[in-house]
There are 2 protein chains.
Amino acid sequence: MNISQLAEHLGLAVSTVSRVLSGNAEKYRISNQTADRIREAAVLHQVVPDPLGTSLRKGKSGMIGLLVPDITNPFFAHLARAIELHLRKSRIAVQLCDSAEDPETEMELLENLLQRRLDGMILAPVGVESESLARCLEGSPMPIILMDRIVSGVALPSVSLDHFAAGKLAATTLLQSGHSHLGCLRGSPQSSADQGRLAGVEEAVREWKSPAHLTVKGSGYSLEKSLSEAQALLSCNPRPTAILTLTGQGTLGILNRANDLQIRIPEELSLLAFDEQPWSRLVSPPLATISQPIEKMATRATELLIEALEKGKKQPPPQQILYDAELQLRKSVAHFSADAD
Amino acid sequence: MNISQLAEHLGLAVSTVSRVLSGNAEKYRISNQTADRIREAAVLHQVVPDPLGTSLRKGKSGMIGLLVPDITNPFFAHLARAIELHLRKSRIAVQLCDSAEDPETEMELLENLLQRRLDGMILAPVGVESESLARCLEGSPMPIILMDRIVSGVALPSVSLDHFAAGKLAATTLLQSGHSHLGCLRGSPQSSADQGRLAGVEEAVREWKSPAHLTVKGSGYSLEKSLSEAQALLSCNPRPTAILTLTGQGTLGILNRANDLQIRIPEELSLLAFDEQPWSRLVSPPLATISQPIEKMATRATELLIEALEKGKKQPPPQQILYDAELQLRKSVAHFSADAD
DNA sequence: TACCCATGAACAAACGTTTGCGCGAATCGA
DNA sequence: TCGATTCGCGCAAACGTTTGTTCATGGGTA
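Presented here is an overview of the structure given in this document. Keep in mind that this is a model prediction, so the values were computed, not measured. (Residues numbered from 1 in each chain as written. Chains lettered and ligands numbered in written order. Predicted model: local features only at pLDDT ≥ 70, side-chain atom pairs only at ≥ 80, totals over all residues. Heavy atoms only, no water.)

Attention now goes to the protein's contact with DNA strand C. Taken together, 28 residues sit near DNA strand C, with Ser18(A), Arg57(A), Thr16(B), Arg19(B) and Thr34(B) positioned nearest. Atoms of DNA strand C within 4 Å of the protein belong to the sugar or the phosphate in 58% of instances, the rest to bases. Between DNA strand C and Ile3(A), the relevant distance is 3.1 Å, taken from a phosphate oxygen to a main-chain nitrogen or oxygen of the residue. The contact in question runs from a base nitrogen of DNA strand C to an N or O atom on the backbone of Gly53(A), over 3.4 Å. Put simply, the parts of the chain that give the surface near DNA strand C at least two residues each are helix 1 (3–10), helix 2 (14–21) and helix 4 (51–58) of chain A together with helix 2 (14–21) and helix 4 (51–58) of chain B. Residue contributions to the surface near DNA strand C peak at five residues, all from helix 4 of chain A. Considering only residue class, the surface near DNA strand C consists of nine nonpolar, 12 polar and seven charged. (Near = heavy atom within 4 Å. Polar contact = N/O pair within 3.5 Å; in protein donor to acceptor, adjacent residues only side chain to side chain. Helix = DSSP H or I, 4+ residues; strand = E, 2+ residues; numbered from the N terminus. Nonpolar A, V, L, I, M, F, W, Y, C, P; charged D, E, K, R; others polar.)

Residue position: Asp70(B) is located in the loop between strand 1 (63–68) and helix 5 (74–89). The exposure class of Asp70(B) is buried, given its relative accessible area of 14%. Here Arg81(A) takes part through its side chain, which lies 2.5 Å from a polar atom of the side chain of Asp70(B). The contact partners of Asp70(B), leaving out residues within four places of it in the chain, are Arg81(A), Phe76(B), Asp98(B) and Glu101(B). (Buried < 20%, exposed > 50% of the residue type's maximum accessible area, 1.4 Å probe, protein only. Contact = heavy atoms within 4.5 Å.)

With that out of the way, let us pick up the relation of the copies chain B and chain A. Of the transformation placing chain B onto chain A, the axial shift is 0.0 Å and the rotation is 180°, giving an RMSD of 0.1 Å. Both copies are brought into coincidence by an operation consistent with a two-fold rotation axis. Within chain B, the C-alpha atom positioned nearest to the axis of rotation is that of Gln95(B), 2.2 Å from it. (Least-squares fit on C-alpha atoms with pLDDT ≥ 70 in both.)

Near DNA strand D you find 28 residues, and of these Thr16(A), Arg19(A), Thr34(A), Ser18(B) and Arg57(B) are the closest. Take the atoms of DNA strand D that sit within 4 Å of the protein: sugar and phosphate atoms are 57% of them. A distance of 3.1 Å separates a base nitrogen of DNA strand D from a polar atom in the side chain of Ser15(A). At the level of elements, helix 2 and helix 4 of chain A together with helix 1 (3–10), helix 2 and helix 4 of chain B are the ones that each hand at least two residues to the surface near DNA strand D. Looking at the surface near DNA strand D element by element, the count peaks at five residues for helix 4 of chain B.

Before going further, it helps to examine the packing of helix 2 of chain B against helix 3 (residues 32–45) of chain B. All names here are of chain B. Two numbers describe how helix 2 lies on helix 3: the axes approach to 10 Å, and their chain directions differ by 80°. Classified by the interaxial angle, the pair formed by helix 2 and helix 3 is roughly perpendicular. Mapping the contact onto sequence places Thr16, Val17, Val20 and Leu21 in helix 2 and Thr34, Ala35, Ile38, Arg39 and Ala42 in helix 3. (Axes fitted to C-alpha atoms, helices over the stretch in contact; angles between N-to-C directions. Parallel < 35°, antiparallel > 145°, perpendicular 65-115°, else oblique.)

Time to look at the side chain of Ser332(B). All names here are of chain B. Tracing the backbone shows Ser332 in the segment after strand 12 (326–328). Exposure remark for Ser332: the relative accessible area of 1% places this residue in the buried category. Engagement of the side chain of Ser332 in a polar contact is seen with the backbone oxygen of Leu271, the distance being 2.6 Å. Beyond its immediate stretch of four places on either side in the chain, Ser332 contacts Ile265, Pro266, Leu269, Ser270, Leu271, Pro285, Pro286, Leu287 and Ala288.

The subject of this paragraph is the pattern of salt bridges. For the structure shown, the criterion picks out 30 salt bridges over all chains. Here Arg257(B) ties to Asp260(B) by a salt bridge, and the two come within 2.8 Å at their closest N and O atoms. Note that Arg257(B) and Asp260(B) are positioned in helix 11 (residues 248–260) at a spacing of three residues, about one turn of the helix. Classification of Asp260(B) as partly exposed rests on a relative accessible area of 46%. Of the charged contacts, one joins Glu268(B) and Arg264(B) as a salt bridge, the two residues approaching to 3.3 Å between their closest N and O atoms. Because the salt bridges share partners, they merge into one network encompassing Asp70(A), Asp98(A) and Arg81(B). (Salt bridge = Lys/Arg side-chain N within 4 Å of Asp/Glu carboxyl O.)

A few words now on the interface of chain B and chain A. Taken together, the contact pairs 47 residues of chain B with 47 residues of chain A. Summing both sides of the interface, chain B and chain A together bury roughly 4300 Å²; the carbon and sulfur share of this comes to 58%. Counting across the chain B and chain A interface gives eight salt bridges. Linking Arg281(A) and Glu224(B) is a salt bridge whose minimum nitrogen-to-oxygen distance equals 3.5 Å. (Buried area = accessible area lost by both parts, 1.4 Å probe.)

All names here are of chain A. A contiguous nonpolar surface patch, about 230 Å² in accessible area, is contributed by Leu169, Leu327 and Leu329. Residue placement: Leu169 occurs in helix 8 (residues 163–176). Given a relative accessible area of 31%, Leu169 falls into the partly exposed group. (Patch = residues over 30% accessible without salt bridge, like charges linked within 9 Å, V, L, I, M, F, W, Y side chains within 5 Å. Areas by Shrake-Rupley, 256 points an atom, 1.4 Å probe, with all protein chains shown as cover.)

Let us now look at the pairing of strand 7 (residues 213–217) of chain B. Residues and elements named next belong to chain B. Examined bridge by bridge, strand 6 (residues 181–185) and strand 7 share five bridges and lie parallel to one another. Counterpart to Leu182 in the pairing with strand 7 is Leu214. A crossover connection joins strand 6 to the parallel strand 7 through helix 9 (residues 192–207); in handedness this β-α-β unit is right-handed. (Pairing = 2+ DSSP bridges. Right-handed = clockwise from strand over helix to strand, strands pointing away.)

The next point concerns the sheet that holds strand 8 (residues 242–245) of chain B. Residues and elements named next belong to chain B. Taken together, the six strands give an open sheet; going across it, the order is 7-6-8-9-10-12, and neighbouring strands pair in mixed fashion. The two strands at the open ends of the sheet, each matched to only one other strand, are strand 7 and strand 12. Across this sheet, the average inter-strand angle for adjacent strands is 20°, counted without regard to direction. With four bridges connecting them, strand 8 and strand 9 (residues 270–274) associate as parallel partners. Across the sheet, residue Ile243 finds its bridge partner in strand 9, namely Leu271. With respect to the sheet, helix 8 (residues 163–176) is in contact with strand 6, strand 8, strand 9, strand 10 (288–291) and strand 12, its orientation differing from that of strand 9 by roughly 170°.

This is the structure in structure tokens:
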């Protein structure tokens, strides 16, 4: 039963029912008597204004798109959950899309989402530079908030970790523990997040008070790739005394290979990992991590989006909002003593 | 620009443009000349039929709801990803909802989804019995496919692991390795999945050729709970020589506490865990797991749903579709030798 | 020439809302 | 008692499609 049928049933006009059911009873001066009658009948017959009709009339779908590279990645899963929760409070639904870290899929999904005339969208891009992607985003008719990674050449508001500062913090932490040869396992060289983190690491090493050396390995997010790159990094001669991993998979790769090679952590190798995982503090030794304030970032992004929606779907100013990483110092990072090597 | 503006621009009727753009040109015998002219203009002006209008007219939103207890749980994340991928091929979008393992939130979300007049929905219930939940599902106007867990008292089609058989397989595996005292760390006693698994375990123990003993601990999915329950299980006297964990958190709990107590795996304790995780084969020793054929289940569930959608949104017959678990036997399970205890 | 039929496209109703406007009735001040 | 205001609600248009029906045109046959 829809509201016009309910109106007929009650002998009232559709407009009256609509006004009451959409909470505008007093605004249009519907008498309490009539309003209550409508409300009662509505709950009795389980009548709710059809969102399709509402959307069409209002020109809003009440839905935003969330496009992530990999919902299977705990970081994005947490992000998605927080975003959905926040938007729910504003009665906005979330359409989920997973681009599987593939730029082409991402492009298709993006076009699809734009066609669907959603109210807005939160996008965590795969991170590969693409002219067509940039053009597609540039001319978007809806507000778009970028998360985690940015798209070069596009002026869009973004919410992310201060990757540069985080990388610097991580490297400095290891340097301060006495390590002078750092290893770094990166993810994709394409990703702006990785680029930022690595740049931070490099600057920390460059600015360190005494000479320090940095070995960088890795490319890609797959587990197989991470394993072989971890192997490569651990086989360096001389081997780094401390390793920083920029991705979750990379961390698993190092943990696994170090175990195979019987390298003791932290006695022979210190390990600091990006992204806190559920098991980080449970493995042995507990893993020191650089964690992201996921909740805060999700909150900020949704606030930005909601604000844009209320201001008539206009794009908010292209500010870059950065958050500081949090260092969880645990036993996997130890002070370097020369006799171990 | 919408199709009516495009029609006006071309000096044609809206209906003609609509027929061409929705791919029904020849069905309504639009001349190739006209059709091509429309198509060209459409790509030029980036005109696509507005899904809102289409939805309203057709009475379909082209969108289904996916309600999971915790998208942060890798199992559900994988499920969500596979489901979204499959439905995308049929041009169906997915609205994501996360109930945070909370029955009340689940109930609210469910009502919300039902109101949104989606085309259908895939539901992985929290698993707590609830009269109102059952009633809500029973009278649903859209097809609903249950996943992973079932809701007692409701005749809905479901796709899930054969939890009972999986539990039996797991327990039998441990018994066959010579263990006669099994420990089991469960999740929530409310969950039909856990109930099934545990029942399978109990039957395996009961039917085993020689006397065997089973100690069951655990309740809830939180990490803290899992840690304390793991502690309790490992502190039993006598301690089980093999432990089966029914949840991911439980596995982490056992791994952590075993490490604290300096219990060597598998020499002093065999461990078999439900649900394959990205790190399962990477920890030391590699973890034996009972894995679920997530892809297959997701495929089947979406097939069921799509079929129902094509048959006019009617509920498919309430069949229960079960899949067999797959045993990944790894080094964390060892043959029991009496001298170790 | 008159008729029929196939062709190609327009007309209009319907999907379910929201909302500016208007209208009759009741209330009020003078 | 009368004009002016307020109150309570209905009317109708509009949002953007889809689709059954109609209509004009032209070619073919009788």
